[in-house]
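This is what each chain is made of:
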Amino acid sequence: MTRRLFLRNSLIFASSSFFISSEHSRASSKASLVEKETRKYPSYLELEEKGILSQRIEELNSIYESCHLCPRNCRVNRIKDEKGKCNSTAKVKVSSAFPHFGEEAPLVGKRGSGTIFFSNCGLRCVFCQNWKINIEGEGVEISDERLADMMIRLQKMGCHNVNLVTPSHYVPNIVNALQKAIRKGLHIPLVYNTAPYETLETLQLLDGIIDIYLPDFKFMDPENAAKYSGEAYNYPYFAKIAIKEMHRQVGVLQVNRQRIAVRGLIIRHLVLPNNIAGTDKFLKFVAENLPKTTYLNIMRQYRPEYKAFEYPKLSRRLKRSEYIKALQLANKYGLNRLDS
Ligand code: SF4
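None of these values were measured; they are calculated from a predicted model.

S.K.: Help me get a handle on the overall build of the protein chain, residues and values and all.
M.R.: A count of helices and strands for the protein chain gives twelve helices and nine strands. The buried share of the protein chain, reckoned over its 340 residues, is 51%.

So this is what it looks like as structure tokens:
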């Protein structure tokens, strides 16, 4: 983390009604579809008005008693502080929160995307770029009330959205905090920034709560998913279903007159060396299952981190030729809304 980001993070933590000690805070193609003016955003306001949000919170909390929030299906009682593969109890843990200017342009706008980085992760990739947070669990346990205050603080700072980074294992806390934040005046959309190692059940409980889905699709091949992401053989199966469900809920990306995202799907795909991610198959999958106008960010910034050096095929940066091939394939499949 740069010194600038560190200072920003500290500012948010220290200036809210809660306080987290400083040692813990270290821790397009151009968007072209404009929102329909008649639609009310963000959608969660309507769910709260109708009393549906409270029901969802209850349902989600009950999942914690025998946790199957994600496909790991650990069945531990997180309310009793038992931990599954994600190494998390039912108390939400946060590493940092700050306006982020490095996300996709429709999320960042002029005032940034209000990122909240959650600690731990159920997937545990050997090349994780945020391994101190996601694997080692750097961060601080906070109450849902404080998480709500964090969302409000990001909104007050002018952020265009609340960007929930690696949220899957804390969905019950997040939705509970959302309701508290709505009652304090939250009115910017939630971005669900995920692996996306998700179950259909959890995603369906988020229907109408999340306006912008930001899945980062990792592998098409079960063997590679198992080898590089903690035995997650079922990753491709669940991630493909998840992306289709996300699209069903929010559709293609819509932006407002200022070209800021208000609702929709943004897919990320990190191209890995030696086609470990199965980029060719993934782009074909997108072309065959989603509209050609799906917003797609094909990322080239892979660098070996964490344990990647122990795996020869992952122990180098991406070649320029590998990235260009990915772009050519996207073009071949007619995908015409690439991030640039
Ligand atoms: S969220 Fe954590 S405890 Fe629950 S199923 Fe997933 S990895 Fe297991």
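After that view, the rundown keeps rolling.
S.K.: Describe the site of the ligand, and please don't skip the residues or the numbers.
M.R.: Taken together, 14 residues surround the ligand, and among them Cys67, Cys70, Cys74, Gly84 and Cys86 come closest. Its residues assigned to classes, the shell around the ligand shows six nonpolar, six polar and two charged.

S.K.: Kindly report on the confidence of the model for the protein chain, identifying the contributing residues and their values.
M.R.: Keep in mind that low pLDDT regions are not for reading the predicted coordinates in detail. With 88% of its residues at a pLDDT of 70 or more, the protein chain has an overall mean of 90. Ignoring residues within four places in sequence, the model shows residues 1-33, a span with pLDDT below 50, making 56 contacts including any to other chains.

S.K.: Any details on helix α11 (residues 279-289)? Residues and values, ideally.
M.R.: Taken together, the buried positions of α11 are Thr279, Phe282, Leu283 and Val286. Along the axis of α11, the buried positions cluster into a sector of 95°, meaning they face one direction only. Of the exposed residues in α11, those oriented more than 90 degrees away from the buried face are Glu288 and Asn289. For α11, the elements touching its buried residues are β6 (212-217), β8 (261-270), β9 (295-299) and α12 (320-332).

S.K.: Describe the packing of helix α6 (residues 144-156) against helix α7 (residues 171-182), with residues and values.
M.R.: One can describe the packing of α6 onto α7 by two numbers: an axis separation of 8 Å at closest approach and a directional angle of 60°. Considered as vectors, α6 and α7 are oriented oblique to each other. The handedness of the crossing between α6 and α7 comes out as right-handed. When α6 is examined against α7, the residues Asp144, Glu145, Leu147, Ala148, Met151 and Ile152 are found in contact with a partner set consisting of Asn173, Asn176, Ala177, Lys180 and Ala181.

S.K.: I'd like a rundown of the pairing of β6, residues and numbers included.
M.R.: The element β6 is extensively covered by neighbouring structure, given that five of its six residues are classed as buried. Chirality of the crossover, the property in question, places the unit of strand β5 (residues 190-194), helix α8 (residues 200-205) and β6 among those that are right-handed. Bridge count for β6 against β8 is four bridges, and the pairing is parallel. Across the sheet, isoleucine 212 pairs through a bridge with glycine 264, a residue of β8.

S.K.: Any details on the nonpolar core? Residues and values, ideally.
M.R.: Counting 96 residues, the largest nonpolar core has Ile116 and Met151 as its most contacted members. Those residues in contact with isoleucine 116 that lie beyond four places of it in its chain are Val94, Ala97, Met150, Val162, Asn163, Leu164 and Val165.

S.K.: I'd like to hear about α6, residue by residue, with values.
M.R.: Under the 1.5 Å per step criterion, the end-to-end length of α6 is 18 Å for 13 residues, consistent within 8% with the ideal 18 Å. What α6 keeps buried is the set Asp144, Arg146, Leu147, Ala148, Asp149, Met150, Met151, Arg153 and Leu154. Positive phi appears at glycine 158, one or two residues downstream of α6, with a value of about 100°.

S.K.: Got a sec to walk through the environment of cysteine 121? Specific residues and values, please.
M.R.: Relative to the assigned elements, cysteine 121 resides in the loop between β2 (113-118) and α5 (131-134). For the pair formed by cysteine 121 and glutamate 136, sequence separation is 15 residues and the distance between their alpha carbons is 9.6 Å. If sequence neighbours within four positions are ignored, cysteine 121 has contacts with Cys86, Asn134 and Thr166.

S.K.: Give me the lowdown on the packing of α11 against α12, citing residues and values where you can.
M.R.: α12 packs onto α11 with a crossing angle of 25° between their chain directions and a minimal axis gap of 10 Å. By the angle between their axes, α11 is roughly parallel relative to α12. Every pair of crossing elements has a handedness; the one defined by α11 and α12 is right-handed. Residues Thr279, Asp280 and Leu283 of α11 form the contact with α12, whose own contacting residues are Ala326, Leu329 and Ala330. The class makeup of the residues in the contact of α11 with α12 is four nonpolar, one polar and one charged.

S.K.: For unusual backbone geometry, give the residues involved together with the corresponding values.
M.R.: Leave glycine aside and you will find that most residues have negative phi; peptide bonds, for their part, are mostly trans. The omega angle of the peptide bond from alanine 195 to proline 196 is -5°, so this bond is cis rather than trans. One non-glycine residue, threonine 166, adopts positive backbone phi at about 55°. Considering the arrangement of structural elements, one finds threonine 166 in the loop between β4 (162-165) and α7. Unusually for a residue other than glycine, arginine 259 sits at a positive phi of about 65°. Checked against the element boundaries, arginine 259 lands in the loop between β7 (254-255) and β8. Here arginine 259 falls in the partly exposed class, since 14 other C-beta atoms lie within 10 Å of it.

S.K.: Report on the pairing of β2, specifying residues and quantitative values.
M.R.: Summarising burial for β2: six of the six residues are buried, a large majority. Along β2, one buried face is formed by Ser113, Thr115 and Phe117 and the opposite face, lined by Gly114, Ile116 and Phe118, is buried too. Note that strand β1 (residues 93-100) and β2 share six bridges and pair antiparallel. Of the residues in β2, the one forming a bridge with serine 96 is phenylalanine 117. Where β2 and β4 come together, four bridges link them in parallel fashion. Residue pairing across strands places glycine 114 opposite valine 162, the latter belonging to β4.

Reading the values: the criteria
- Residues numbered from 1 in each chain as written.
- Predicted model: local features only at pLDDT ≥ 70, side-chain atom pairs only at ≥ 80, totals over all residues.
- Helix = DSSP H or I, 4+ residues; strand = E, 2+ residues; numbered from the N terminus.
- Buried ≥ 20, exposed ≤ 12 C-beta atoms within 10 Å, placed from the backbone.
- Near = placed C-beta within 6 Å.
- Nonpolar A, V, L, I, M, F, W, Y, C, P; charged D, E, K, R; others polar.
- pLDDT = per-residue confidence, 0-100.
- Contact = placed C-beta atoms within 7 Å.
- Arc of directions from axis to C-beta.
- Axes fitted to C-alpha atoms, helices over the stretch in contact; angles between N-to-C directions.
- Parallel < 35°, antiparallel > 145°, perpendicular 65-115°, else oblique.
- Left-handed = near helix turned anticlockwise from the far one by under 90°.
- Right-handed = clockwise from strand over helix to strand, strands pointing away.
- Pairing = 2+ DSSP bridges.
- Core = buried A, V, L, I, M, F, W, Y, C linked by C-beta atoms within 7 Å.
- Expected span 1.5 Å × (residues − 1).

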